Amino acid sequence: MSFEEVRHKLLSEALASPNLLSDLAGLENYIAESYNNRSFIELLQNADDAKASKFKIVKKSDLLFVANNGRVFNQRDLESLCRSASSNKLRGETIGYRGIGFKSVVGFAKEIHLFSGEIELTFSKELTKKEISQADRVPLIRIPHKINVSENNRFSQIKNELMSEGYTTIFVFTGITADEIESEFESFKYNSLLFLKNIVKTEITLNNTTITEVIKTQINDSQFKSTLKSNNEVTNWLISNENQTAIAFSILNNEIVKIPKEESLVHAFLPTEDINGFGVLINGNFSTDPSRRHLIFDTETKESIKQSSLQIVKLIKECINSEDKDSIGKINALVPYSDPRMLQFAKNSFVKSLLDEMKLTDIEFFRQIKLPPSWLNYNDYLKLIPNKTNSLNNNHYSIEGFISLLKFLGANETNFDEIKNTVNITDISVLGCVQITQYLFKSILTFGNIKESEILNLKILFSDGIRKSISELNKESRLDDSFVSLLLENGLTEFDIKQVLKKYSLTIPLKLEQNTNEQSNSFIDKKENKFSVEDWFNNSSKQENYNTSQPTLKKWRSAEEQTLEILNMNGFRLEDVSKQNIGFDLSGTDPNGNEIQIEVKSVTFPGQKFRLTNNEIAVAQVKQKSFFIAIVRQTDEFLEIALVSDPVNNLSLNRQCVQWIWECESYEYKPLKFKI
């Protein structure tokens with residue numbers, strides 16, 4: 001079927017039914033309004049479906065040239081272009097399949113000219129109206145016409161230049177409105193190219209030229225890295241493919257990072273306006289409304305959501321069994337922004353549907369994962385559990401929201417019965433003893449689900465600085481003041497403590513009944529001794545030059561993150577445990593391989609007071625010389641760190657009755673400086 005045959009067929013239909021032509025004109029206008037600010041996207045999609053690798057837009061005066069280097073038009077393509085809802089594309093093999101998207105371009109052009117292979121034609125309402133005078137109104141894209149010679153000459157130079165660059169299909173839009181084109185361009189998002197199958201380069205020239213390139217590096221059969229370059233802006237992504245779905249992780253400074261919720265869009269190869277609720281981009285064979293802005297939850301979309309859930313769960317399972325940096329980043333990005341348990345009460349949405357599918361994906365796997373009980377810190381939990389094979393590592397546990405997600409997917413907390421037999425034979429911290437005591441005492445008083453005999457011989461109380469069981473206490477025994485303070489800070493009252501001890505016929509006075517506003521206490525005396533520090537920090541007070549081994553510091557990072565990076569670059573081997581509430585922020589070894597714990601305190605000026613909680617004091621008491629305070633001050637140009645060792649013995653601390661904190665108002669400040 002030649003161009004003339006297609007034209008004759010469509011013209012005959014229009015002459016036979018001019019009212020139908022008028023109806024098609026109304027449909028065309030509706031499509032253009034529905035696809036407002038999406039025409040560039042549609043043209044890009046059509047080029048990708050034609051297996052083009054390059055896509056170019058050039059504006060000259062009132063002319064707009066849109067070109068691609070894909071497969072040229074044949075007669076079937078031409079007829080599909082002219083008709084409405086008559087696409088010869090197959091869903092799943094191409095992005096477009098409805099056959100109406102191209103009609104969206106009528107909103108910003110008076111005439112459209114097409115050059116593709118041997119096909120050269122014009123779409124013009126004016127020319128169509130002359131031939132179908134009986135119609136009240138006519139569509140722009142329906143009847144193809146021969147190109148006027150003089151009109152052809154007007155844009156032949158740019159057309160020929162595009163062809164010489166290898167572009168095989170060129171659309172020329174005439175009579176365009178500048179404001180409408182600018183609006184189209186501003187709404188175009190460059191990460192729209194991420195999930196396209198073929199296009200790797202776009203060039204758009206309106207007032208200025210914007211060139212975007214996609215560079216793909218294959219990692220394995222299911223993953224590749226994608227670098228998106230748009231003029232001076234570069235973004236990097238890790239794309240994970242599974243069946244017909246894909247997950248895109250943002251990479252920043254060689255680390256996988258969670259993208260903001262408002263940017264976490266669902267893609268149906270091209271972006272919709274629906275939020276997926278996770279810190280990634282999700283692409284699949286989702287159904288959308290005619291504007292492609294929003295999802296339709298039909299059978300195809302539900303199936304694609306199911307496939308997405310399978311992929312996400314598979315990634316989580318792989319990452320749980322790995323401790324590399326990318327695994328931590330992936331899990332963090334795959335944690336939803338909303339608590340999954342709360343979403344069950346929300347109206348239907350993509351994220352709710354996806355989480356519901358994830359919950360059904362591999363129930364048995366998640367049931368086998370044992371989580372720390374909410375009342376016990378992670379470090380002591382690891383010491384107490386007899387079987388560590390089904391537990392998370394420290395890095396996974398510290399990911400915000402991950403524990404809630406695992407519970408939603410079927411993971412369970414370890415119960416007291418599973419750890420009670422290892423309490424006495426394990427070197428758990430003061431905080432661990434406090435937390436176990438708090439849990440057991442509350443259970444006895446409130447729920448009555450703990451047998452009193454079960455805790456009689458547990459060494460979880462501190463008396464005279466020694467771990468003791470209730471059976472080892474007598475009427476002359478006293479609980480350590482700092483231990484009682486921690487019990488109070490962790491939710492028990494003096495009345496609670498006395499009530500439980502009374503059940504065991506113990507009446508033990510609590511030292512906290514004394515005046516709590518005293519300026520000293522039983523285990524902290526005012527010292528005049530200057531502190532000393534480990535290894536490379538010993539001579540910091542004499543240092544006048546800045547450290548030459550400079551890390552890459554960012555002003556927006558927390559004091560804990562800055563300190564961790566600096567110390568690890570100087571021989572320490574530390575990890576961030578600040579989210580675990582165990583009495584210190586950083587844990588690991590110093591340059592000599594000795595155990596070290598560091599609590600980070602941020603100040604705005606030297607000599608500023610800082611406070612220590614009872615948790616921190618309790619740990620400092622036990623750890624002593626391995627426990628440090630890092631006093632961190634950040635200015636516009638520098639980051640300063642001063643290390644204070646053994647704060648219990650080297651600092652002057654005053655007890656203040658403000659939720660049982662310890663305040664330091666006098667310390668020696670000799671920091672190292674690092675450029676920011």
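Just so it is clear, the model here is predicted, and its values are computed rather than measured.

Draft legend 1. Structural detail: the confidence of the model for the protein. On average, residues of the protein score 82 in pLDDT, and 85% of them are at 70 or above. For the stretch residues 513-533, pLDDT sits under 50, and the model shows 35 contacts to residues farther than four places along the chain or on other chains.

Draft legend 2. Examining the environment of His8 more closely. For His8, the location among the structural elements is in helix 1 (residues 3-16). According to the relative accessible area criterion, His8 is exposed, its value standing at 55%. Sequence spacing of His8 and Pro144 is 136 residues, and the spatial spacing of their C-alpha atoms is 9.3 Å.

Draft legend 3. Layout of the packing of aromatic side chains. Inspection of the entire model under this criterion finds nine aromatic pairs. With 5.1 Å between their ring centres and 85° between their planes, Phe365 and Phe366 make a pair best called edge-to-face. Consider the rings of Phe416 and Tyr439, whose centres lie 6.3 Å apart with planes at 45°: the pair is tilted. Here the residue Phe416 occupies a position in the loop between strand 16 (412-413) and helix 17 (430-447), and Tyr439 occupies one in helix 17, the gap between them amounting to 23 residues. Note on Phe416: relative accessible area 3%, which makes it buried. Cluster of aromatic residues (ring-pair linked, three or more members): Phe65, Phe115 and Phe155. One residue, Lys54, lies across the ring of Tyr167, its end atom 4.7 Å from the ring centre. Just above the ring of Tyr337 sits the side chain of Lys258; from NZ or CZ to the centre is 4.5 Å.

Draft legend 4. Quick look at helix 20 (residues 494-503). Along helix 20, the residues that are buried comprise Asp496, Ile497, Val500 and Leu501. When helix 20 is viewed along its axis, its buried side chains cluster within an angular range of 125° and face the same direction. Of the residues in helix 20, the exposed ones pointing more than 90 degrees away from the buried face are Phe495 and Lys502. Note on helix 20: the residue one or two positions beyond its end, Ser505, has a positive phi of about 60°.

Draft legend 5. Region of the structure containing the packing of helix 19 (residues 481-489) against helix 22 (residues 614-623). In contact at an axis separation of 9 Å, helix 19 and helix 22 are set at 145° when each is read in the N-to-C sense. Considering how the two elements wind past one another, helix 19 and helix 22 form a crossing that is left-handed. Along its contact with helix 19, which presents Ser482, Ser485, Leu486 and Glu489, the element helix 22 presents Asn614, Asn615, Ala618 and Gln621. Grouping the amino acids of the contact of helix 19 with helix 22 by side-chain chemistry returns two nonpolar, five polar and one charged.

Draft legend 6. Representation of the sheet that holds strand 21 (residues 595-603) in the model. Ordered by their spatial adjacency, six strands build an open sheet running 19-20-21-23-24-27, and the pairing between neighbours is mixed. Since the sheet does not close on itself, it has two edges, and those belong to strand 19 (573-576) and strand 27 (672-675), each with one partner. Taken over all neighbouring pairs, the strand axes of this sheet differ in orientation by 25° on average, direction set aside. Pairing between strand 19 and strand 20 (residues 586-589): four bridges, direction antiparallel. For Glu575, the partnering residue across the bridge sits in strand 20 and is Ser587. On the sheet, helix 21 (residues 559-569) packs against strand 19, strand 20, strand 21, strand 23 (627-634), strand 24 (638-645) and strand 27 and is oriented at approximately 165° with respect to strand 19.

Cut-offs and rules
- Residues numbered from 1 in each chain as written.
- Predicted model: local features only at pLDDT ≥ 70, side-chain atom pairs only at ≥ 80, totals over all residues.
- Heavy atoms only, no water.
- pLDDT = per-residue confidence, 0-100.
- Contact = heavy atoms within 4.5 Å.
- Helix = DSSP H or I, 4+ residues; strand = E, 2+ residues; numbered from the N terminus.
- Buried < 20%, exposed > 50% of the residue type's maximum accessible area, 1.4 Å probe, protein only.
- Phe/Tyr/Trp six-rings, centres within 6.5 Å; stacked < 30°, edge-to-face > 60°.
- Lys NZ or Arg CZ within 6 Å of the ring centre and 35° of its normal.
- Arc of directions from axis to C-beta.
- Axes fitted to C-alpha atoms, helices over the stretch in contact; angles between N-to-C directions.
- Left-handed = near helix turned anticlockwise from the far one by under 90°.
- Nonpolar A, V, L, I, M, F, W, Y, C, P; charged D, E, K, R; others polar.
- Pairing = 2+ DSSP bridges.

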